[in-house]
Amino acid sequence: MDVTYLRAANDYAITDTIPFEAASTVIASARKLLRAVGTTAWNERGDIGGNYARQGDAVLRRARMDHTQEGSFIIPILVPLSHTQETTGEAAQSADLELFKAAPEPFERRVTRTFAQSLMAVKEIIVEPESSPSVGDLHAVVARGVSREFCSALAKILTEPSVSEFETIFEWASSVPAPETMPNSVSIESDASEKIEEAAEKLKKHRIDSTSTFSGNIVELRHVGDDPFGFATISTVRRGRRSEIRVRLPYEAYQEAVIWHRARRVVIVDGEVNHGTGRRLVVENPVGFRPIDEILLPMS
């Protein structure tokens with residue numbers, strides 16, 4: 001099971017006990033956070049508007065809550081992983097063909113990973129900059145799984161008078177290789193609530209189109225001979241279906257992708273998806289291709 005520890009902390013108001021109203025707020029909002037990322041892990045959108053993905057809701061129904069822990073108000077959320085394929089590892093190399101393969105991540109892992117990267121995106125793109133988030137900033141966070149509902153639930157926890165800081169700690173199930181560069185913990189202080197609420201309002205007002213952006217783990221890398229291009233195949237979810245999309249990369253970018261693959265870094269791709277040979281989905285000329293954990297602010 002992947003485990004996410006949700007920690008509400010306050011040196012004065014939360015010690016051995018927590019105000020009952022605050023506890024109720026944290027638990028109810030935690031459910032909303034997990035439900036929101038269950039949907040955006042299936043289909044990124046800035047405003048869910050009640051159209052939650054049944055695949056994400058299925059993960060929510062299977063999730064468990066462990067007993068709270070002493071020290072702060074800590075809620076451990078356990079997400080069981082479905083049966084996964086055996087990782088094939090790196091394939092044998094020949095004189096003309098370089099080939100690497102890996103198994104796709106289970107959808108349940110994608111949900112927990114989306115939770116982690118969404119919190120990181122909120123902190124680094126919405127909270128930490130001095131200025132309010134622009135529409136371009138909102139595109140960047142939506143591509144990483146943030147939604148209006150996610151922001152509203154997070155702000156609800158942070159505005160609770162007894163909560164001065166909200167922290168999440170992630171423990172990845174050992175049965176599936178962990179996303180090595182995802183954060184092990186993310187903490188956000190309560191004074192960030194206004195910025196997060198403002199972002200939620202903007203996500204409701206502006207329709208954010210993320211149809212040209214997708215993310216996932218690299219399940220295959222292929223390069224033949226002296227070809228100036230190589231291909232990286234990304235396991236993702238597109239238009240409500242599990243998909244594998246092949247991305248054509250200049251050789252230098254392909255070599256970087258090999259390094260990211262070995263480090264188990266999830267990538268985010270921006271580019272037009274078309275049907276290639278055999279109706280296979282392909283991005284011939286990606287506009288962007290980089291690890292999703294590299295939070296980069298869009299150009300203003």
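Residues numbered from 1 in each chain as written. Predicted model: local features only at pLDDT ≥ 70, side-chain atom pairs only at ≥ 80, totals over all residues. Heavy atoms only, no water.

## Concerning the overall build of the chain
Turning to step 1, where the next piece is worked out: The number of helices and strands found in the chain is seven helices and 13 strands.
Turning to step 2, where the next piece is worked out: Buried residues in the chain amount to 52% of all 300 residues.
Turning to step 3, where the next piece is worked out: Here the chain has roughly 14,700 Å² of accessible surface; of this, 46% comes from carbon and sulfur atoms. (Helix = DSSP H or I, 4+ residues; strand = E, 2+ residues; numbered from the N terminus. Buried < 20%, exposed > 50% of the residue type's maximum accessible area, 1.4 Å probe, protein only. Areas by Shrake-Rupley, 256 points an atom, 1.4 Å probe, with all protein chains shown as cover.)

## Describing the pattern of salt bridges
Turning to step 1, where the next piece is worked out: Taken as a whole and judged by the stated rule, the model has 15 salt bridges.
Turning to step 2, where the next piece is worked out: Notably, a salt bridge pairs D2 with R109, separated by 2.7 Å at the nearest N-O pair. Linking D2 in strand β1 (residues 2-9) with R109 in helix α3 (residues 107-127), this pair joins segments that are 107 residues apart in sequence. The pair D2 / R109 is uniform in exposure class, with both members buried.
Turning to step 3, where the next piece is worked out: Among the salt bridges present, the one from R62 reaches E108, with a minimum N-O distance of 2.8 Å. With R62 in helix α2 (residues 54-62) and E108 in helix α3, the pair connects residues that are 46 residues apart, well separated along the chain.
Turning to step 4, where the next piece is worked out: Each of R7, E165 and E167 takes part in a single network of salt bridges with overlapping partners. (Salt bridge = Lys/Arg side-chain N within 4 Å of Asp/Glu carboxyl O.)

## What to know about the environment of K195
Turning to step 1, where the next piece is worked out: Checked against the element boundaries, K195 lands in helix α6 (residues 193-205).
Turning to step 2, where the next piece is worked out: The sequence separation of K195 and V127 amounts to 68 residues, and the corresponding C-alpha distance is 6.3 Å.
Turning to step 3, where the next piece is worked out: Apart from the residues lying within four places of it in its own chain, the contact partners of K195 are I126, V127, P129, E130 and S131. (Contact = heavy atoms within 4.5 Å.)

## Overview of unusual backbone geometry
Turning to step 1, where the next piece is worked out: One non-glycine residue, R264, adopts positive backbone phi at about 55°.
Turning to step 2, where the next piece is worked out: Inspection of the secondary structure puts R264 in the loop between α7 (251-262) and β10 (267-270).
Turning to step 3, where the next piece is worked out: For R264, a relative accessible area of 38% puts it in the partly exposed group.

## A closer look at the nonpolar core
Taken as a class, soluble globular proteins show a tendency for nonpolar side chains to be buried jointly.
Turning to step 1, where the next piece is worked out: Judged by nonpolar contacts, the single largest core of 62 residues is most densely connected at F115, V122, F150, L154 and I196.
Turning to step 2, where the next piece is worked out: With 10 residues, the top contributor of residues to this core is α3.
Turning to step 3, where the next piece is worked out: Setting aside residues up to four positions removed in sequence, L154 forms contacts with L33, L119, V122, F166, I188 and I196.
Turning to step 4, where the next piece is worked out: F100, F214, I234 and V247 belong to the second largest nonpolar core, which has 19 residues in total. (Core = buried A, V, L, I, M, F, W, Y, C linked by side-chain atoms within 4.5 Å.)

## Re the packing of α2 against α3
Turning to step 1, where the next piece is worked out: Contact pair α2 / α3: the axes reach a minimum separation of 10 Å and the direction vectors enclose 90°. Considered as vectors, α2 and α3 are oriented roughly perpendicular to each other. In this structure, α2 uses Q55, G56, V59 and R62 to contact α3, whose residues at the interface are F107, E108 and V111.
Turning to step 2, where the next piece is worked out: Residues of the contact of α2 with α3, tallied by class, amount to three nonpolar, two polar and two charged. (Axes fitted to C-alpha atoms, helices over the stretch in contact; angles between N-to-C directions. Parallel < 35°, antiparallel > 145°, perpendicular 65-115°, else oblique. Nonpolar A, V, L, I, M, F, W, Y, C, P; charged D, E, K, R; others polar.)

## A look at the sheet that holds β1
Turning to step 1, where the next piece is worked out: One open sheet accounts for five strands, arranged β2-β3-β1-β5-β6; its pairing is antiparallel. Two strands close off the open sheet at either side, each with one partner strand: β2 (64-65) and β6 (185-189).
Turning to step 2, where the next piece is worked out: Alignment of strand β5 (residues 165-171) against β6, held across five bridges, turns out to be antiparallel. Looking at the pairing, E165 lines up with E189 of β6.
Turning to step 3, where the next piece is worked out: Here helix α1 (residues 20-40) sits on the sheet and contacts β1, β2, β3 (73-79) and β5; the angle it forms with β3, its principal contact strand, is near 25°. (Pairing = 2+ DSSP bridges.)

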